[in-house]
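What the coordinates show
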Amino acid sequence: MDLTKLKARELISGYENRDFTVEEVTKSYIEKIKDHNNKYNTYITFSEEKALNAAKKVDKHYQDREEMGILSGVPISIKDNIAVKDMRMTCASKMLEDFIPHYESTVEKKIRKNCGVILGKVNMDEFAMGASTKTSYFGPSKNPLNPDLVPGGSSGGSAASLAAEECALSVGTDTGGSIRQPASFCGLVGIKPTYGSISRFGVASMANTFDQVGAFGKDVADAHLLLKAMEGRSKKDATSVGNKSLRFDLDYDNDDEAISYLNGLNIAVPKMYLDLDLDPRVKEEYEKAIEIFEKSGANINVVEIDALKYVVQTYNILVNGEIAPNMARFDGLRYGHRTDNYSSYKEMFKKSRAEGFGTEVKRRIMIGTHILSLEYAKDYYYKALEVRNMIKTQMDKVYESNDLMLCPTSPILPPRIDKEVSPVEMYKQDLFTIPANMIGAPSMSVPMPKKDGLSVGIELTANRFKDDLMIKAALGFERSMR
Ligand code: GLN
């Protein structure tokens with residue numbers, strides 16, 4: 001049996017039945033990673049020794065029949081903008097090529113406490129800015145469904161490592177869609193929970209008021225399991241508040257019960273989305289998804305959310321306004337790459353940053369600095385904050401009479417790696433994923449059945465702290481397609 005084909009929950013029940021050990025499973029993953037020989041360019045840092053030591057420890061717990069956490073023995077990959085103690089953390093940037101954090105992120109702490117086995121750190125767009133992993137200093141990851149295509153981004157390495165069966169679960173971050181879009185491109189489930197559900201201590205910030213850690217799984221139940229392990233308030237991150245609505249158990253084996261969650265749900269479908277010029281396959285699958293909900297007894301309500309037409313522009317102003325100051329610490333003195341030749345501090349900062357950052361990061365620092373400048377802040381940044389409020393007001397109104405919003409995760413199928421995509425074209429592709437980050441809402445992508453080797457992701461978004469409702473509906477949706 002190829003153990004890497006199993007889902008996280010199947011691994012756990014296999015351990016409990018003594019069908020195989022954590023060490024055996026971890027070794028199968030290590031073999032697969034080696035066998036792939038970087039075919040998909042997923043892992044930036046990978047530690048066989050640490051993974052095996054962790055696996056042996058968990059096996060001992062199983063032998064001694066000790067009480068264990070919910071991830072007992074599940075091999076996990078972690079996006080490289082999340083600190084794992086004494087393991088290189090690059091954020092896929094030359095700037096942090098040699099950075100080794102000597103502290104653990106809360107995410108790492110929780111995974112270890114729950115007895116998960118960390119395999120290593122995976123590729124991403126540089127500092128999480130991008131939608132393909134093509135901005136990574138280490139080169140793009142490849143989509144295991146078709147290696148000529150991008151896996152999506154920024155958490156593209158997370159999605160690719162899971163789709164390539166190089167881990168059983170993966171951790172990502174989502175600022176404007178970076179978990180959901182790669183999940184969609186690689187045929188996986190990706191969940192961004194409500195803002196503040198998971199502590200960001202030890203996570204490199206991109207845009208603090210948008211960033212949220214989340215989970216990738218082969219199915220809804222697996223992704224939910226990882227979220228439950230990571231959820232919780234931490235004193236080290238004042239914006240983390242925990243999230244009770246993630247702490248529930250379901251009978252994942254009862255398909256009829258799962259499908260019954262859809263009955264009577266009110267589902268909002270924004271009119272603007274129905275009128276968009278989408279990839280024909282995406283449109284077709286979106287219509288199918290709407291039909292599935294309807295057939296199972298959900299009410300589909302076409303709604304007008306006028307402010308949705310401004311989300312891409314507003315997001316890019318606000319996010320760049322947060323990116324520019326966040327990137328200021330990478331100057332070769334406090335953090336990051338330092339140039340070899342300089343004759344003054346000023347020159348050192350300048351050259352270190354010029355050498356350390358890639359084009360997309362520089363572009364965003366420049367735009368962010370510009371729109372925050374005294375002269376322009378009023379016209380751009382403060383105006384965008386007002387629009388963010390307007391979006392929130394309009395979406396909150398929709399959630400007064402609707403449980404969920406339904407749309408495709410991405411307007412396109414994964415593009416070819418060698419296709420040139422202009423920055424503006426790339427920014428526009430985030431239109432479905434951004435609204436959730438704007439208002440801190442939970443949102444997830446669920447794959448439609450594969451056709452011609454590819455799958456289209458359908459996105460469900462609920463109101464803040466209604467993660468339970470969203471996950472249950474997603475489970476019902478997933479099971480009604482089996
Ligand atoms: N693609 C989006 C961007 O480039 C989202 C990034 C993210 O969620 N980290 O901004």
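Placed above this text is the structure.
Numbering of residues starts from 1 in each chain and follows the order in which that chain's sequence is written. The predicted nature of this model means local features are confined to residues of pLDDT at least 70 and side-chain atom pairs, given and counted, to a pLDDT of 80 or more, with totals for whole chains, interfaces and linings taken over all residues. Where side-chain values are given, they derive from all heavy atoms of the structure, hydrogens and water being excluded.

1. Some details on the sheet that holds strand β7 (residues 266–270)
Keep this limit in mind: Between any two strands, pairing holds if DSSP finds at least two bridges. Segments assigned H or I by DSSP are reported as helices when at least four residues long, segments assigned E as strands when at least two residues long, and all are numbered from the N terminus. Helix axes are fitted to C-alpha atoms over the stretch in contact, other axes to C-alpha atoms as well, and angles between N-to-C directions run from 0 to 180 degrees.
With mixed pairing, 11 strands are arranged side by side in an open sheet as β1-β3-β2-β4-β6-β5-β10-β11-β9-β7-β8. Every interior strand has two partners, whereas the edge strands, β1 (43–46) and β8 (299–303), have only one. Each neighbouring strand pair of the sheet contributes to a mean axis angle of 25°, computed without reference to strand direction. Sheet analysis places β7 next to strand β9 (residues 404–408), joined by 2 bridges and oriented parallel. Opposite I267, over in β9, you have L404 as the bridge partner.

2. As for the site of the ligand
For clarity, the cut-off: For this description, a residue counts as near a given molecule or strand if any of its non-hydrogen atoms is within 4 Å of it. Within 3.5 Å is the distance limit for a polar contact, defined as a pair of N or O atoms, with the added protein rule that one can donate a hydrogen and the other accept it, and that residues adjacent in sequence qualify only through two side-chain atoms. The Shrake-Rupley method, run with a 1.4 Å probe sphere, supplies the accessible areas, and residue values consider only the shown protein chains as cover. In this classification, Asp, Glu, Lys and Arg are treated as charged, Ala, Val, Leu, Ile, Met, Phe, Trp, Tyr, Cys and Pro as nonpolar, and every other residue, Gly included, as polar.
Within the structure, the ligand sits among 14 residues, and T175, G176, S178, Y315 and R364 are positioned closest to it. The contact in question runs from an oxygen atom of the ligand to an N or O atom on the backbone of G177, over 3.4 Å. Here S178 contributes a side-chain N or O atom positioned 2.6 Å from an oxygen atom of the ligand. Surface burial for the ligand is 99%, taken as the share of its 290 Å² of free accessible area covered by protein chains. Its residues placed into classes, the shell around the ligand shows 5 nonpolar, 6 polar and 3 charged.

3. Looking at the pattern of salt bridges
Short version of the rule: Any Lys or Arg side-chain nitrogen found within 4 Å of a carboxyl oxygen on Asp or Glu counts as a salt bridge. Buried means the residue's accessible area, taken with a 1.4 Å probe over protein chains only, is under 20% of the maximum for its type, while exposed means over 50%, and partly exposed covers the values in between.
Under the defined criterion, the tally for this structure stands at 31 salt bridges. Among the ionic pairs, R479 bridges to D255, the shortest N-O distance being 2.9 Å. Note that R479 is positioned in helix α17 (residues 467–480) and D255 in helix α8 (residues 255–260), a separation of 224 residues in sequence. Residue class for R479 comes out buried when judged on its relative accessible area of 4%. A relative accessible area of 27% places D255 in the partly exposed class.

4. A word on the environment of L278
The test is simple: Whether two residues touch is decided by their heavy atoms; if any such pair falls within 4.5 Å, the residues are in contact.
Mapped onto the elements of the fold, L278 is located in the loop between α9 (271–274) and α10 (280–295). Residue classification places L278 among the buried residues on the basis of a relative accessible area of 8%. Distance in space between the C-alpha atoms of L278 and P408 is 9.5 Å, their sequence separation being 130 residues. L278 has contacts with Y273, K283, P408, P411 and F432, leaving out every residue within four places of it along the chain.

5. Some remarks on the packing of helix α1 (residues 8–16) against helix α7 (residues 220–230)
Our working definition: Reported orientations rely on four angle classes, namely roughly parallel under 35 degrees, roughly antiparallel over 145, roughly perpendicular from 65 to 115, and oblique for the rest.
Remark: α1 packs on α7, axes separated minimally by 8 Å, with the N-to-C direction vectors making an angle of 75°. With respect to their mutual orientation, α1 and α7 come out roughly perpendicular. Residues A8, R9 and I12 of α1 form the contact with α7, whose own contacting residues are A221, D222 and L225. Per-class residue counts for the contact of α1 with α7 are 4 nonpolar, no polar and 2 charged.

The quantities given are spatial measurements derived from coordinates; they are silent on function.
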